[in-house]
Each structure stands twice: as C-alpha cells, then as structure tokens.
Amino acid sequence: MKELMLGNKAVARGLYEAGCAVISSYPGTPSTEITEEAAKYPEIYCEWAPNEKVALEVAHGAAVGGKRAACCMKHVGLNVAADPLFTISYQGVDAGLVICVADDPGMFSSQNEQDSRHYAIAAKVPMLEPSDSQEALTFAKRAFELSEEYHTPVLLRMCTRISHSQSIAEAGERKEVPQKKYVKNPERVMMTTNSLKAHYRVEERTQAMTELAETTDLNRLEMGDTSLGIITSSTSYQYVREVFGEKASVLKLGLSWPMPVKKIREFAAQVDQLLVVEELEPIIENHCRQIGVDVIGKEKIPMVDELTQGVIARCMGQEAKATVALEDAIPNRPPVMCAGCPHRGVFYTLAKNKCMVYGDIGCYTLGVMPPLNALDLNVCMGASCSGLHGFNLAGGAEHEKHSVAVIGDSTFAHSGITGIADIAYNRSNSTVLILDNSITGMTGHQQNPTTGKTLRGEPAGQIDLEGLCRAVGFRRVRVVDPNNLKEMDKTLKEELAAEEPSVIITRSPCVMLKDVKKAPPLKVDLDRCNGCSLCMRIGCPALSLRGEKVEIDKTQCIGCQVCMQMCHRDALIV
C-alpha cells in the first residue's frame, strides 16, 4: 500500500519489514521519530537508552545474541557512540546491525553541522544515503542484508530534509528472520593478535564492498545531456533534479561509502564537465580527486549550511526558480522558553546574581536569550559539570563563588553523572544545578531514566537524583521549587557560599506535559500597573507592553505566578 510517509517513519517501516527485533536509541532531532514510529510495532522491542554509546552497545549485544537490531541518533550522538563503533567494525557481526544517524545541515536544532560520512570512512563501515521516503524504507531493509552478507555494522545516514519531509512510499510485509545461534569465538576479544587479524579482515571487507559499489543498483546512473555530469547523493540529488531537470547526466550514490572507482571514472569519461553537489564536507569530491578524476566542487558549491535549489542555481550562474512568498513581511520569532517554563526562574536568579553559567544541551540552552542573557557557553551533553570543575580549578575561590553548571535531568542521566563524580572525587568547590523538569523536553517529551517510565509509558526503574548525588560523594544536595524566586535566590546564595561541592535540584515539571495542571491565566490591575516593566525582565512570552501598561496573553499564560513575584505594586493578580 502506498502512502505519503515522513522520512523517519519510512525508516521505521523499513526496519520493521526487515525483521528488526531490537531498537535502542537516544532521542535527538532530527532522528527521534524513527524510534517513536518503530515503537508502534509490537514485534520490535524499543527503548530509550541513557545515551548513544549505551544504545549502540545494547543493539550490538542483541545482534551478538542473534537478532537483527538497530539504534538511532543524531550526528553529535555518533560522537558519543564512536568508541564502540570502531571496535564493532573490527569484530564484525552475524545478525544484522544498522545504525541510523541523522545529520543536521543548517543546524536547525544542533550545536554544529558535522558530516557523519567521516565516521563511515574512519570506522571503515558502509554507509547508505536515501534521498526520499521510498529509499529510506528500502535502504533500511537493504542495510540489514548488507550487514549480514559482509558481517559489518551499516550506517544509514539521514538528514533533516529527508527525515522531516514526506513523499510517497510503498509499505510491504514484515519478514521474520530466524534467530542466529550464538557461537563462542575467542577471536572476538579485541586484544593484540586478534585485533591485528581483525584489521586485515576489515580491509578485505572494504575492498569487497568497493567492488560491490561498482555494480550495485544503490548507485544509479541517469544519463542525459553529456555536456554536464553531476555526482551527488541524499537530498542534494533532489535539488539537482529540480535545478537541472532531466537534462543533466547524474550519478546518484546511494551507497556513499565505500565509493566506486571504475564507475566514476567511466562516468567522467562520458561527460564534458563533471560537477559534485554534496552538502557539507567535500567527501565525494576528495574521493574523485584521489582517483584522478577532475571535478568542480566546493569552489562552486558552499561547504557551510544546507543546500537549496536556489543556492545551487545561483552557484552555477542560473536564475533561481521563483518561490511562493507572502506579501506581508513576517517578523522573526526568536527561540524562547515557553510561558511558565520552570527554567525561567532559575535563569532570572542566576542573572540577578551575576553568575558565570556553564550551560548544557537542552531547552535550558535558551537561557542565553534576552532579556535573561544568563548562559555563558555550552559544548556538548554533560560538559557543563566537568567543564565547571575545570573552570574552578583555573580560578579558585574567585571563580567558585560566582559560577555554576546547569544541566537537565535527561542530559544528566546521559553524561552528567561522571562529571559530578569528578567534582566530588577531586573536590573542587563547584555548584551544579540539575534542572529536573521530569521529561526530555527539547526533542519532544521522551521518557528517560529519571522519569520512571519506559518509551511506551510503562512503569520503569527510576534514578533517585538526590540519592545518586549523595552516593557519588556530595554531602550538600538541595531540592528547590524554581518558581519560588525567594527560595531559589536564598538557596543559590547559600550553596555558592558553602566551602564544599554542592548540587541544587530545581524540580518542577515541564508545563507542556499533558498531565500538568495549568492554573487560570493571571490578570492585570490597570489602576496599579505603572508600566515599570519589572515583570518583563523574566522574558515570559505571555507578557507584553501595550502602550504604558502590561498585557497578559491569556492563551499562553499558565498561571505560574513568577511574574507576580516581580511586581512591587501587586498589579498582577489571580
């Protein structure tokens, strides 16, 4: 049956049809929906793991146990999973193992726009790149076949435009794959001679798959006008066809690593000029130059930001096709924390106390936005804790009395625990704020090990944050309601003044959770309001100035009463 299918949903369908039995993932835009869609199939065991390294290790363990398995993550998640990836590549697999990684050109929801193709090359594992939903479904199935035929994990590389766009895909039936029997093999213990032998096998496998790249239908040749030939892949293929139509000759690489050699040389010999169109890094371009094929690449096509039809057309000296635009200018809407977000009181208090704030990855990254302007920097998941420790080692008491780390509950479970263990063990006088909003917020409300529920909402083991912090060596662990500004300010001052490491857990659920009760919106007593704008300092989108008076948007206000605590004239009322 054919249907209009989201790219990520198509991947999930492909995993299902391929007989995948286990999926372990960590949510990360733009990959999250793959696992959420797969969880709708009762035949697949699906879970949210604490982080991507654990997810890949779980999936690999399932493959060792004889079942087809997969894990899904965004591009920066592959950094976390890189450690097991490289060794699993050496060990090889018997049951299929597919690693779905979604890149984010343009950084719509990421801190960088790294190119995951580098990992395929470095880890010496094959990579498939679909260019629409049908290919996403088909390539997921093919990935398992390649994985088992060549005894290798396979990377399935998505990107934002393929993950989050819809196109027609045809669903098929699930293929139940018999479980492979586990056979003990000491050579899989990666040490000394075993590792060296494994490296030889990996190089032989790469050579075999390079030969496959010459003939596989995953790499498609579409001949047209031979005055211009284009080598491309993924979403860039769609842009190429929209700009050049059916005229240009195109070599579309679905198996983007390893790449063919003869096929590219033969294609180059048939065209007058050869152009490589690829997003981000010059991976295809460098390969072409390495095998002696002259191409036009990044001197024409940009290496930063995502490509579009218009960008490619302008780069090639063509007029971009007209796009549909509204007549009225639409003002930009900067990202902002939701009205009633429990993080708002935290960042207001931190800014008020002029703290250096080492941030982390999550909704609370928005604490950098005006008028709060509270965040100093962020690096990666969990870096706030270990980074604060280093910052305080450099500055001693001068830093320790004015600096904090902020990290969410999900990110803390992901990779903050080892950071606070380092603080407790090596005794820097550091203050860590765990912003516990009872969910993984930024990626769309996924459960995590601190919520007490599984991916499917079933009861689960739950991390006791207070108990865990004490267990790793913190004697000072405080829990505070971040919507109570006086309590928040008092607690922060006390912990910064303490002469030992401390943790402050700010506990209040995300206001967007369905089971969180909202209070009636507040009102403005216009007789008392003098337009002083003190309440505006918390940056709540439900508040605005209309003339000389404050106005409350009733559709956004959830009655958290944080703004009431800012007003000295009692002009904001229930």
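For the structure itself, consult the block above.
Attention here is on the structure that accompanies the text. (Residues numbered from 1 in each chain as written. Predicted model: local features only at pLDDT ≥ 70, side-chain atom pairs only at ≥ 80, totals over all residues. Heavy atoms only, no water.)

**Some thoughts on the sheet that holds strand E11 (residues 248-253)**
Point 1. Reading across from one edge, E9-E11-E10-E13 is the order of the four strands in this open sheet, with mixed pairing throughout. Each having just a single partner strand, strand E9 (219-222) and strand E13 (274-277) make up the two edges of the open sheet. Each neighbouring strand pair of the sheet contributes to a mean axis angle of 20°, computed without reference to strand direction.
Point 2. In this sheet, E11 lies alongside E9 in antiparallel orientation, the contact comprising four bridges. Bridge pairing in E11 places Leu 221 opposite Leu 251. (Pairing = 2+ DSSP bridges. Helix = DSSP H or I, 4+ residues; strand = E, 2+ residues; numbered from the N terminus. Axes fitted to C-alpha atoms, helices over the stretch in contact; angles between N-to-C directions.)

**A look at the pattern of salt bridges**
Point 1. Tallied over the entire structure, the rule returns 36 salt bridges.
Point 2. Among the salt bridges present, the one from Arg 157 reaches Glu 129, with a minimum N-O distance of 2.6 Å. Here Glu 129 lies in the loop between strand E6 (127-128) and helix H6 (133-150) and Arg 157 lies in strand E7 (residues 154-159), a separation of 28 residues in the sequence. Like Arg 157, the residue Glu 129 is buried in the burial classification.
Point 3. Among the charged side chains, a network of salt bridges with common partners joins Asp 103, Asp 115, Arg 117, Glu 129, Arg 157 and Glu 278. (Salt bridge = Lys/Arg side-chain N within 4 Å of Asp/Glu carboxyl O. Buried < 20%, exposed > 50% of the residue type's maximum accessible area, 1.4 Å probe, protein only.)

**Examining the sheet that holds strand E16 (residues 431-436)**
Point 1. One open sheet accounts for five strands, arranged E14-E15-E16-E18-E17; its pairing is parallel. Of all the strands in the sheet, just strand E14 (356-358) and strand E17 (476-480) have a single pairing partner and so form its edges. Each neighbouring strand pair of the sheet contributes to a mean axis angle of 25°, computed without reference to strand direction.
Point 2. Sheet analysis places E17 next to strand E18 (residues 502-507), joined by five bridges and oriented parallel. Opposite Arg 476, over in E18, you have Ser 502 as the bridge partner.
Point 3. Across the sheet, helix H13 (residues 343-352) lies against E14, strand E15 (403-408), E16 and E18, angled at about 155° from E16, the strand it touches most.
Point 4. Relative to the sheet, helix H16 (residues 409-426) contacts E15 and E16, its axis offset from that of E15 by approximately 145°. (Contact = heavy atoms within 4.5 Å.)

**Some remarks on H6**
Point 1. Taking 1.5 Å per residue as the helical rise, H6 with its 18 residues ought to reach 26 Å, and the 25 Å between its terminal C-alpha atoms agrees with that figure.
Point 2. Within the sequence span of H6, burial applies to Ser 133, Glu 135, Ala 136, Leu 137, Phe 139, Ala 140, Ala 143, Phe 144, Leu 146, Ser 147, Glu 148 and Tyr 150.
Point 3. Between the side-chain oxygen at the start of H6 and the backbone nitrogen of Gln 134 there is a gap of 3.2 Å, and the oxygen is on Asp 132.
Point 4. Once H6 ends, the next one or two residues include His 151, with phi positive near 55°. (Expected span 1.5 Å × (residues − 1). Polar contact = N/O pair within 3.5 Å; in protein donor to acceptor, adjacent residues only side chain to side chain.)

**Some points on the packing of aromatic side chains**
Point 1. Applying the stated criterion across every chain, the model contains two aromatic pairs.
Point 2. Ring geometry for Tyr 16 and Tyr 41: centres 4.1 Å apart, planes at 15°, overall stacked. Remark: Tyr 41 occurs in the loop between helix H2 (32-38) and strand E3 (45-48) and Tyr 16 occurs in helix H1 (residues 7-17); sequence separation between them is 25 residues.
Point 3. Given a relative accessible area of 11%, Tyr 16 falls into the buried group.
Point 4. Taking the centre distance of 6.5 Å and the plane angle of 75° together, the rings of Phe 86 and Tyr 119 count as edge-to-face. With Phe 86 in helix H4 (residues 75-91) and Tyr 119 in helix H5 (residues 117-123), the pair connects residues that are 33 residues apart, well separated along the chain. (Phe/Tyr/Trp six-rings, centres within 6.5 Å; stacked < 30°, edge-to-face > 60°.)

**What to know about the pairing of strand E10 (residues 225-232)**
Point 1. Bridge count for E10 against E11 is five bridges, and the pairing is parallel. By the bridge assignment, Ile 230 is partnered in E11 with Val 250.
Point 2. What joins E10 to E11 is helix H9 (residues 234-244), and the crossover it makes is right-handed.
Point 3. Where E10 and E13 come together, four bridges link them in parallel fashion. The partner of Ile 231 across the bridge, within E13, is Val 276. (Right-handed = clockwise from strand over helix to strand, strands pointing away.)

**Concerning the side chain of Asn 194**
Point 1. Looking at the secondary structure, you find Asn 194 in helix H8 (residues 192-215).
Point 2. Residues in contact with Asn 194, not counting those within four places in the same chain, are Pro 186, Glu 187 and Val 189.

**Considerations on the environment of Ser 236**
Point 1. Along the chain, the position of Ser 236 falls in helix H9.
Point 2. For the pair Ser 236 and Ile 44, spaced 192 residues apart in sequence, the C-alpha separation works out to 32 Å.
Point 3. Excluding anything up to four places from it in sequence, Ser 236 contacts Val 277, Glu 278, Glu 279 and Leu 307.

**Describing the environment of Lys 175**
Point 1. With respect to the element layout, Lys 175 can be found in the loop between strand E8 (166-170) and H8.
Point 2. For the pair Lys 175 and Pro 521, spaced 346 residues apart in the sequence, the C-alpha separation amounts to 53 Å.
Point 3. Sequence-distant contacts of Lys 175, that is, excluding residues within four places in its chain, are made with Glu 17, Ala 18 and Gly 19.

**Comments concerning the nonpolar core**
Point 1. In this structure, Phe 347, Leu 350, Val 406, Val 432, Leu 433 and Ile 434 are the most contacted members of the largest nonpolar core, which totals 57 residues.
Point 2. When sequence neighbours within four positions are dropped, the list of residues in contact with Val 432 reads Cys 385, Leu 388, Ala 405, Ile 407, Ile 420, Ile 423, Ser 502, Val 503 and Ile 504.
Point 3. Of all hydrophobic cores here, the second largest spans 44 residues; its members include Ala 55, Ala 95, Ile 231 and Val 271. (Core = buried A, V, L, I, M, F, W, Y, C linked by side-chain atoms within 4.5 Å.)

**Some remarks on the packing of helix H14 (residues 383-395) against H16**
In a packed pair of helices, the relevant descriptors are the angle between the two axes and the axis-to-axis distance.
Point 1. Contact geometry for H14 and H16: axes closest at 7 Å, N-to-C directions at 25°. The angle between H14 and H16 places the two elements in the roughly parallel class. Contacts between H14 and H16 pair Cys 385, Ser 386 and His 389 from the former with Gly 416, Gly 419, Ile 420, Asp 422, Ile 423 and Asn 426 from the latter.
Point 2. Per-class residue counts for the contact of H14 with H16 are three nonpolar, five polar and one charged. (Parallel < 35°, antiparallel > 145°, perpendicular 65-115°, else oblique. Nonpolar A, V, L, I, M, F, W, Y, C, P; charged D, E, K, R; others polar.)

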